[in-house]
Amino acid sequence: MSSNVPIAHGDLTAPTPQNTPLTQAPIAAGLSRPTVPDISEDNEPAEDDEDPVEITGAAMLGLVQGRLADLVGKSSGYIESLPADVKKSVEALKGVQVKQNELQNQYKRECLELEKKYLELQKPLYERRTAIISGASQATAEEIEAGTQASLKDDPSYTPLSKDAEGTPAAIPEFWLTALRNHVGLSEIITERDAGALKSLTDIRLSYLSNDSPKPGFKITFIFSPNDFFENEILEKTYLYQEEVGYSGDFVYDRAIGTDIKWKEDKDLTKEFEIKKQRNKNTNRTRLVRKARPTESFFNFFSPPTPPTEEMADDIDDEDLEELEEKLEMDYQIGEDLKEKIIPRAIDYFTGKALEYDVMDEDEDDFDELDDEDEDGQFDDEDSDSEVELPRRRGPPKGRGGSAANTVNPEECKQQ
């Protein structure tokens, strides 16, 4: 799975060799273009020792980046100045590229069919996994031995379980809740309130859309046992691809569709309730009024954001458009991780083994390489034998899932 999920954007004209800066400014749709910082008297720094040279340098850098950004996508006149015979060669290359694109489309569609084929081959194994998790079936001696050998391969000091006589089937409690919480991204959006509902999650399944569907894509299905929160036994999230692959040669996400959750009374986990006191102007009597407001929840996953159309994008502020695209990218990334990581390797997420690889991927993406030389001599070298604490799994951010001020559980009060 690629770390960067391609998302549909408006087409941009490719820059020519004559006007492409070495470091391109962020010009993708939804990203604000660099602007010159305001250095008027009303916005002067509070501290008197601020270096005016640094301020001027920052303003100049913003100006240059803005000018370079304006150049990208505009013709420099180089192509137009070529002789007619050369222009024909350029057009011919475009024609060759069209055929290459057609082959790439065919290749990706055949890869998708191959994924469907092997998913069908894996289904008996997924069904066996569900039977063991639920306790509907007893694990065989061969399965236990194969698991023991895998544990010894990962950790030679692992102590195998005793080979006693066969016992009764034993279900694994909160298997899927634990697996989801051990995913770096999902751990941040699963609140303590969500955990109560996710304890009844019995299976997560993957399926692909049929070939007669208008667009290719896949579906993630969440199976729940009866619970106190919603009526649905099945919650689904469908991801649709665009019909043709994108410029990078991969399928581009088009949009996502989620299930409408039928919440039981006062059990909507995507809302919090605030209690306010109101006073009647005529009678001077007071009453308590409960007002709902949106809140962080894993179950917002089933109400995905809608990608903006070109017309909508023109009417949305750059900041709001950037925020929307971040939400879309996160939503698509979670779907991709469920498809490529969590469903096929659920046991690794349950035990925490997958965290080793997730943390490694995160470290590579989040940190830039720095030069080895310390020109200013401001930093001391650490001893080579000093212990370095390994990164731990990130838990949910503080304040999420906990009770905030002036919020109450829906069961604690009724409208008066």
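Coordinates for the structure precede this section.
Because the structure is predicted, anything quoted here is derived from the model rather than measured.

Q: I tried to follow the overall build of the protein on my own but got confused; where do I start?
A: When helices and strands are counted, the protein shows nine helices and seven strands. Contacts in the protein between residues far apart in sequence, at least 24 positions, make up 64% of those at least 6 positions apart. As displayed, the protein has an accessible area near 29,000 Å², and 50% of this comes from carbon and sulfur atoms.

Q: What is the right way to look at the sheet that holds strand 2 (residues 217-224) in this model?
A: Pairing between the strands of a sheet comes from backbone hydrogen bonds, and it takes one of two forms, parallel or antiparallel. Strand order in this open sheet of four strands is 1-2-3-4, and the pairing throughout is antiparallel. Edge positions in the sheet fall to strand 1 (201-208) and strand 4 (253-258), since each has one partner strand and no second. The sheet shows a mean angle of 15 degrees between the axes of neighbouring strands, taken without regard to direction. In the sheet, strand 3 (residues 234-241) pairs with strand 4 via five bridges, with the strands oriented antiparallel. Directly across from Y239, in strand 4, lies its bridge partner A256.

Q: What should I look at first to understand the pattern of salt bridges in this one?
A: Pairing of side chains with opposite charge becomes possible as their charged atoms draw close. Scanning all chains against the criterion turns up 18 salt bridges. For K94, the salt bridge identified is with E91, shortest N-O distance 3.1 Å. Here E91 and K94 lie together in helix 2 (residues 84-134), a separation of three residues that amounts to about one turn. Since its relative accessible area comes to 49%, K94 is described here as partly exposed.

Q: In this structure, what is going on with the pairing of strand 6 (residues 286-294)? I would like to understand it.
A: Each regular strand carries side chains that alternate between the two faces of the sheet. Direction of pairing for strand 5 (residues 271-279) relative to strand 6: antiparallel, over a ladder of nine bridges. Residue pairing for strand 6: Q278 is matched across the bridge by R287. The loop that links strand 5 with its antiparallel partner strand 6 comprises six residues; one of these, N284, has a positive phi angle of about 65 degrees.

Q: Hey, could you run me through the nonpolar core in this one?
A: Core analysis: the biggest nonpolar cluster contains 48 residues, and L186, F222, F298, F299 and L338 have the highest contact counts within it. Of all the elements, helix 7 (residues 318-342) adds the most residues to this core, at six residues.

Q: Explanation requested: the side chain of T295 in the structure shown.
A: For T295, the location among the structural elements is in the loop between strand 6 and helix 6 (310-315). Judged by relative accessible area, which is 18%, T295 ranks as buried.

Q: Would you take a moment to explain the environment of P304 for this structure?
A: As for its placement among the helices and strands, P304 is situated in the loop between strand 6 and helix 6. Note: C-alpha distance between P304 and D331 (27 residues apart in sequence) is 6.9 Å. Excluding its chain neighbours within four sequence positions, the residues that come into contact with P304 are K237, A256, I257, G258 and D331.

Q: Could you clarify how one ought to interpret helix 2 in this entry?
A: Every α-helical turn comprises 3.6 residues, leaving residues that sit three or four positions apart pointing alike. For helix 2, spanning 51 residues, the distance from its first C-alpha to its last is 72 Å, which sits close to the expected 75 Å at 1.5 Å a residue. Maximum bend of helix 2: about 40 degrees, positioned at Q122, with proline P124 one to four residues after it. For helix 2, the elements touching its buried residues are helix 4 (175-181), strand 1 and helix 8 (346-351). G135 occupies a position one or two residues after helix 2 and carries a positive phi of about 80 degrees.

Q: Which parts of the structure should I look at to understand a nonpolar patch on the surface?
A: Among the surface-exposed residues, L114, Y118 and L121 lie close enough to one another that they form a single nonpolar patch of about 320 Å² accessible area. On the basis of relative accessibility, which here comes to 53%, the residue L121 falls in the exposed class.

Q: Honestly, the packing of aromatic side chains in this entry has me stumped. Any pointers?
A: In this description, an aromatic ring pair is defined by two values, namely the gap between the centres and the angle between the planes. Scanning the model with the defined rule gives 23 aromatic pairs in all. With centroids separated by 6.1 Å and ring planes inclined at 70 degrees, the aromatic side chains of F222 and F301 adopt a geometry described as edge-to-face. Note that F222 is positioned in strand 2 and F301 in the loop between strand 6 and helix 6, a separation of 79 residues in sequence. Taken together, a centroid distance of 5.4 Å and an interplanar angle of 80 degrees make the contact between F298 and F299 edge-to-face. F299 carries the same exposure label as F298, and that label is buried. Through pairs of rings, three or more aromatic residues link up here, namely F222, F224, F230, W263, F298, F299, F301 and F302. Between the NZ or CZ atom of K267 and the centre of the ring of F229, over which it lies, the distance is 5.6 Å. Sitting over the ring of F218, K339 keeps its end group 5.4 Å from the ring centre.

Criteria and cut-off values
- Along each chain, numbering runs from 1 in the same order as the chain's sequence is written.
- For a predicted model such as this one, the threshold for reporting local features is a pLDDT of at least 70, and the threshold for listing and counting side-chain atom pairs is 80 or more; totals across whole chains, interfaces and linings nevertheless cover every residue.
- The basis for every side-chain value is the complete set of non-hydrogen atoms in the structure, without hydrogens or water.
- Numbering of helices and strands runs from the N terminus; a helix is a DSSP stretch of H or I covering at least four residues, while a strand is a stretch of E covering at least two.
- Residues count as neighbours in contact if any of their non-hydrogen atoms are within 4.5 Å of one another.
- Per-residue accessibility takes into account occlusion by the displayed protein chains alone, with areas from the Shrake-Rupley method and a 1.4 Å probe.
- When DSSP finds two or more bridges between a pair of strands, those strands are recorded as paired.
- In this analysis an axis means a line fitted to C-alpha atoms, helices contributing only their contacting stretch, and an angle means the value between N-to-C directions, from 0 to 180 degrees.
- The rule for a salt bridge is simple: a side-chain nitrogen of Lys or Arg has to be within 4 Å of a carboxyl oxygen of Asp or Glu.
- Working definition: with a 1.4 Å probe on protein chains only, accessible area under 20% of the residue-type maximum means buried, over 50% means exposed, and in between means partly exposed.
- To define a nonpolar core, start from buried Ala, Val, Leu, Ile, Met, Phe, Trp, Tyr and Cys residues and group those joined through side-chain atoms within 4.5 Å.
- Take the residue count of a helix, subtract one, and multiply by 1.5 Å to get its expected span.
- We define the bend at any residue as the angle between the axes fitted to the seven residues before and including it, ending there, and the seven starting there.
- Like charges within 9 Å and nonpolar side chains (Val, Leu, Ile, Met, Phe, Trp, Tyr) within 5 Å are joined into patches, using only residues over 30% in relative accessible area that form no salt bridge.
- Pairing of aromatic rings covers Phe, Tyr and Trp, the last through its six-membered ring, and needs centres within 6.5 Å; plane angles under 30 degrees mean stacked, over 60 mean edge-to-face, and all others mean tilted.
- Only when the NZ of Lys or the CZ of Arg is both within 6 Å of the ring centre and within 35 degrees of the ring normal is a charge said to sit over the ring.

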